[in-house]
Amino acid sequence: MLMNNQDFFLNGEKIALKGLEESDLELIHNWLNDSDVTRLLFQGDRPKNLGVMKEEFQNRIKSNENIEFAIITKNEKKIIGWAGLYEINWISRNGEIRFFIGEKEFWKKGHTTEVVSLLIEYAFNKLNLHKVWGGANIENVGSIRVFEKLKFFEEGIIKEGHFRNGQYYDLIRYGLLNKKEN
Ligand SMILES: CC(C)(COP(=O)(O)OP(=O)(O)OC[C@H]1O[C@@H](n2cnc3c(N)ncnc32)[C@H](O)[C@@H]1OP(=O)(O)O)[C@@H](O)C(=O)NCCC(=O)NCCS
């Protein structure tokens, strides 16, 4: 599939975001069945079924609470992961940022930092949200670094909130307020 700049909804320097499509789910299906990728996530606790994923995706996009994007490298025009805003509350005006790079050779290249900064800009300046937040397993150093680099503040620790790899892990939650409103 050939992609041009006009296919992108949000444009960064090295990556761009386009609305996630059902046809992108096969890639995600493969990543979620890769135990290296899901080692510190809730995802990957059971095999993923593509048919069920398609149904869940249709429900999510029909709901006003979720906005999902595929992450594309601008050089290779390759889909390397997905990200979005989830469980948006339009009264309290907040939503959860989630991100996932499934192509392991694209880790540690600054892509997620760029993705999350595009999502923050979108959430505050287009959707008029007041707050975004996110969470990670306390050992997910990459995710924690992304939140800290982008000046999220720590909101709290959920003690032993995640069981994986034969052990309980703490979870950490981060938030960011729309400073222009304060
Ligand atoms: C965790 C994850 C999102 C990080 O994405 P990424 O694109 O590699 O992140 P970035 O390149 O923007 O990295 C930001 C910083 O974290 C560092 N970092 C990233 N992964 C790291 C790791 N595994 N260990 C140590 N540092 C790491 C980077 O070096 C960079 O630091 P720097 O700016 O000081 O040099 C990605 O590895 C991923 O999606 N993993 C699988 C799924 C997952 O865990 N999703 C997140 C759920 S909360």
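Above this text is the structure in question.
Residues numbered from 1 in each chain as written. Predicted model: local features only at pLDDT ≥ 70, side-chain atom pairs only at ≥ 80, totals over all residues.

**Q** Where do I start with the overall build of the protein in this structure?
**A** Regarding its fold elements, the protein presents four helices and eight strands. Reading the secondary structure of the protein in the N-to-C direction produces β-β-α-α-β-β-β-α-β-α-β-β. Taking 2.2 N^0.38 as the reference for a compact globule, 182 residues should give roughly 16 Å; the C-alpha atoms of the protein span a radius of gyration of 16 Å, in line with that estimate. Overall, the C-alpha framework of the protein stretches about 45 × 45 × 30 Å when taken along its three principal axes. (Helix = DSSP H or I, 4+ residues; strand = E, 2+ residues; numbered from the N terminus. Rg over C-alpha atoms; globule rule 2.2 N^0.38 Å.)

**Q** Please explain the site of the ligand as it appears in this structure.
**A** Around the ligand, a shell composed of 21 residues is seen, among which Ile101, Thr112, Thr113, Gly142 and Arg145 lie nearest. Counting residues per element, the ones that place at least two in the shell around the ligand are strand E5 (94–101), helix H3 (111–125) and helix H4 (141–149). Counting residues per element, the shell around the ligand draws most heavily on H4, which supplies six residues. (Near = placed C-beta within 6 Å.)

**Q** Just checking my understanding: could you explain the sheet that holds strand E3 (residues 67–73) for this structure?
**A** What links the strands of a sheet is backbone hydrogen bonding, and the strands pair in either a parallel or an antiparallel sense. If you walk across this open sheet you meet the eight strands as E1-E2-E3-E4-E5-E6-E8-E7, and the pairing is mixed. Single-partner strands in this sheet number two, and they are strand E1 (10–11) and strand E7 (153–164). Bridge analysis of E5 against strand E6 (residues 131–137) gives three bridges, and the strand direction is parallel. Bridge assignment links Glu96 to a residue of E6, and that residue is Trp133. The strands that H3 touches are E1, strand E2 (15–19), E3, strand E4 (78–89), E5, E6 and strand E8 (167–177); relative to E5, the one it contacts most, it runs at about 155°. (Pairing = 2+ DSSP bridges. Contact = placed C-beta atoms within 7 Å. Axes fitted to C-alpha atoms, helices over the stretch in contact; angles between N-to-C directions.)

**Q** Looking at this structure, how should I read the pairing of E7?
**A** On a regular strand, each side chain points to the face opposite its neighbour's, so the side chains alternate between the two faces of the sheet. Of all 12 residues that make up E7, one are buried, and the element is exposed over most of its length. Here E7 runs beside E8; their pairing, made up of eight bridges, is antiparallel. Bridged to Gly156 within E8 is Arg173. Between E7 and E8, which pair antiparallel in sequence order, lie two residues; one of them, Asn165, sits at a positive phi of approximately 55°. (Buried ≥ 20, exposed ≤ 12 C-beta atoms within 10 Å, placed from the backbone.)

**Q** Mind showing me how you'd approach the nonpolar core here?
**A** What tends to happen in soluble globular proteins is that the nonpolar side chains get buried as a cluster. Residues Phe69, Ala70, Ile71, Trp82, Ala83, Val115 and Leu119 are the most contacted members of the largest nonpolar core, which totals 38 residues. The residues touching Val115, leaving out its near neighbours within four places in the chain, are Ile15, Leu17, Ile71, Ala83 and Phe99. (Core = buried A, V, L, I, M, F, W, Y, C linked by C-beta atoms within 7 Å.)

**Q** Mind showing me how you'd approach helix H2 (residues 50–62) here?
**A** Side chains of residues three or four places apart in an α-helix project in the same direction, reflecting 3.6 residues per turn. Helix length check: H2, at 13 residues, gives a terminal C-alpha distance of 18 Å against a target of 18 Å (1.5 Å per residue), a fit within 8%. The buried fraction of H2 is low, at zero of 13 residues. (Expected span 1.5 Å × (residues − 1).)

**Q** Honestly, the environment of Ala123 in this entry has me stumped. Any pointers?
**A** Tracing the backbone shows Ala123 in helix H3. As a C-alpha pair, Ala123 and Leu50 span 73 residues in sequence and 29 Å in three-dimensional space. Residue contacts for Ala123: discarding those within four places in its chain leaves Leu85, Gly95, Leu129 and Val132.

**Q** What should I look at first to understand the packing of helix H1 (residues 25–32) against H2 in this one?
**A** In helix packing, the relevant descriptors are the interaxial angle and the interaxial distance, both defined with respect to the helix axes. The geometry of H1 relative to H2 is characterised by a closest axis approach of 10 Å and an angle of 120° between their N-to-C directions. Comparing their axes, H2 and H1 come out oblique. Judged by the sense of rotation from one axis to the other, the crossing of H1 with H2 is right-handed. Along the contact surface, H1 presents Leu25, Glu26 and His29, while H2 presents Leu50, Met53, Lys54 and Phe57. Within the contact of H1 with H2, the residues separate by chemical class into four nonpolar, one polar and two charged. (Parallel < 35°, antiparallel > 145°, perpendicular 65-115°, else oblique. Left-handed = near helix turned anticlockwise from the far one by under 90°. Nonpolar A, V, L, I, M, F, W, Y, C, P; charged D, E, K, R; others polar.)

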